[in-house]
Amino acid sequence: MQTLSQVLKASNAPVALQDVLTTTTNTCIDICKALHKGSLAGILGVAGNENVQGEEQKKLDVISNDMLKSDLMSCPAVRAVASEEEDDIVPANTNGEYLIAFDPLDGSSNIDINAMVGTIFSIYHDQGEKPATEADFLKPGTEQAAAGYVLYGPSCMLVLSTGQGVKMFTLDPEKNEFVETQESVTVDKDTQEFAINMSNQRFWSESMQGYVNDLVAGKDGARDKNFNMRWVAAMVGDVHRILCRGGIFMYPWDSKDPTKPGKLRLMYEANPMAMLVEQAGGKAHTHTQRILDIQPEGIHQRVPVILGAANEVDKCLSY
Ligand code: AFP
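Residues numbered from 1 in each chain as written. Predicted model: local features only at pLDDT ≥ 70, side-chain atom pairs only at ≥ 80, totals over all residues. Heavy atoms only, no water.

Looking at an unreviewed UniProt entry, one finds the protein named Fructose-1,6-bisphosphatase class 1, with Marinomonas balearica as its source organism. UniProt, in the comment section headed Subcellular location (unreviewed entry), describes the protein in these words: "Cytoplasm". (UniProt positions renumbered as here; feature names shortened; annotations may be inferred.)

If you want it as structure tokens, here you go:
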């Protein structure tokens with residue numbers, strides 16, 4: 001089996017992009033080690049402040065953000081970084097060729113219960129004479145040069161696309177590097193498994209309520225099959241399950257806060273996951289458009305997300 005660095009060398013990815021990916025994944029290996037120390041490292045629990053999203057930051061949110069930010073700032077190929085945990089973009093090397101947006105620890109409400117969490121990243125090519133600005137990041141997801149996540153689960157796994165399909169890698173703790181364990185990932189067009197936070201049901205649109213009611217009714221209702229449900233409460237865990245065994249994942253618009261179009265962030269959750277799912281043959285939409293086509297208006301913009309098995313996404317959108 002090939003290591004990540006061997007796979008990257010064999011790909012036609014530009015060397016500068018390989019450098020950004022190597023830096024990002026090496027930092028994720030360090031994050032993995034910090035997480036696996038758990039409470040022994042005295043780094044669980046809350047950091048005592050809120051991020052730009054108004055969400056309570058966990059200590060590990062801040063620690064993983066600072067680790068990624070400092071390692072990426074010192075990578076010459078990185079022009080600027082954006083993060084869920086940073087109010088504004090952080091310019092790095094003006095002559096760098098890549099922008100990277102990341103959620104340093106997605107699913108952080110799972111940390112204190114030892115459940116799935118992960119790091120999600122989205123990388124764009126960009127060059128300019130002046131230091132990068134937020135506007136440079138506001139490119140549609142179709143322009144991503146690479147997207148991926150590292151899932152800190154029973155094993156530590158990297159899932160990555162540079163535009164030629166999706167590959168999975170597993171961390172070999174002895175070698176301290178990622179080894180390719182699946183060279184081409186595909187998502188079946190049909191599924192019998194859905195993922196949604198059912199506690200929001202009364203706040204969904206009527207059409208989403210109707211669609212999910214039919215999933216729950218299974219063969220006793222309008223559908224010709226029964227469905228199973230899973231909800232990891234960490235997008236990386238739900239998307240990984242879909243890339244491994246299929247399914248549909250939804251975090252739709254709800255009326256809890258009508259000013260918010262959705263809970264998930266476009267730049268460092270929806271877009272990178274949409275690239276991976278589409279590269280694996282699935283679909284990723286809001287309730288009105290393909291996620292990768294969205295022209296971003298801000299780096300912390302939120303969108304509704306419906307992604308996974310192509311035929312099931314179409315079925316959901318038909319409601
Ligand atoms: P946290 O990072 O605050 O735990 O949120 C995780 C997340 O952004 C995404 O990863 C999950 O799919 C979703 O929120 C879970 O949301 P609920 O907690 O409302 O189910």
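Caption draft 1: Fine view of the overall build of the protein. Looking only at helices and strands, one finds eight helices and 17 strands in the protein. Radius of gyration (C-alpha) of the protein: 19 Å, near the 20 Å computed for a compact globule of 319 residues. Considered along the principal axes of its C-alpha atoms, the protein spans approximately 55 × 45 × 45 Å. With 319 residues in all, the protein has 55% of them scored as buried. (Helix = DSSP H or I, 4+ residues; strand = E, 2+ residues; numbered from the N terminus. Rg over C-alpha atoms; globule rule 2.2 N^0.38 Å. Buried < 20%, exposed > 50% of the residue type's maximum accessible area, 1.4 Å probe, protein only.)

Caption draft 2: Region of interest: the domain arrangement of the protein. By the assigned domains, the protein splits into domain 1 (4–182) and domain 2 (193–318). If you average the C-alpha positions of domain 1 and of domain 2, the two centres end up 23 Å apart. The partner domain 2 presents 32 residues to the 48 residues of domain 1 that form the contact. Summed over both partners, the interface of domain 1 with domain 2 comes to about 2900 Å²; 64% of that surface belongs to carbon and sulfur atoms. The closest approach of N and O atoms between Arg265 and Glu84, which form a salt bridge, is 2.5 Å. Put simply, domain 1 and domain 2 have 13 residue pairs in polar contact (both at pLDDT 80 or more) between them. Broken down by element, the side of domain 1 that touches domain 2 gets its largest block of residues, seven residues, from strand S7 (residues 144–152). (Domains from an automatic or database assignment. Contact = heavy atoms within 4.5 Å. Buried area = accessible area lost by both parts, 1.4 Å probe. Salt bridge = Lys/Arg side-chain N within 4 Å of Asp/Glu carboxyl O. Polar contact = N/O pair within 3.5 Å; in protein donor to acceptor, adjacent residues only side chain to side chain.)

Caption draft 3: Expanded view of the environment of Ile299. As for its placement among the helices and strands, Ile299 is situated in the loop between strand S15 (283–285) and strand S16 (302–303). For Ile299, a relative accessible area of 3% corresponds to the buried category. The sequence separation of Ile299 and Ile89 amounts to 210 residues, and the corresponding C-alpha distance is 8.1 Å. The contact partners of Ile299, leaving out residues within four places of it in the chain, are Ala82, Asp87, Asp88, Ile89, Glu134, Phe137, Leu138, Met267 and Tyr268.

Caption draft 4: Inspection of the site of the ligand at higher detail. Lining the immediate environment of the ligand, one finds 15 residues, of which Asp106, Ser109, Asn197, Met235 and Tyr251 sit closest. A distance of 3.0 Å separates an oxygen atom of the ligand from a polar backbone atom of Gly107. Interatomic distance of 2.9 Å between a side-chain N/O atom of Asn197 and an oxygen atom of the ligand. For the ligand, whose unbound accessible area comes to 470 Å², protein coverage reaches 86%. Every element with two or more residues in the shell around the ligand is listed here: strand S13 (248–251) and strand S14 (264–265). Residue composition of the shell around the ligand, by class: seven nonpolar, four polar and four charged. Two domains each put at least three residues into the shell around the ligand: domain 1 (4–182) and domain 2 (193–318). (Near = heavy atom within 4 Å. Areas by Shrake-Rupley, 256 points an atom, 1.4 Å probe, with all protein chains shown as cover. Nonpolar A, V, L, I, M, F, W, Y, C, P; charged D, E, K, R; others polar.)

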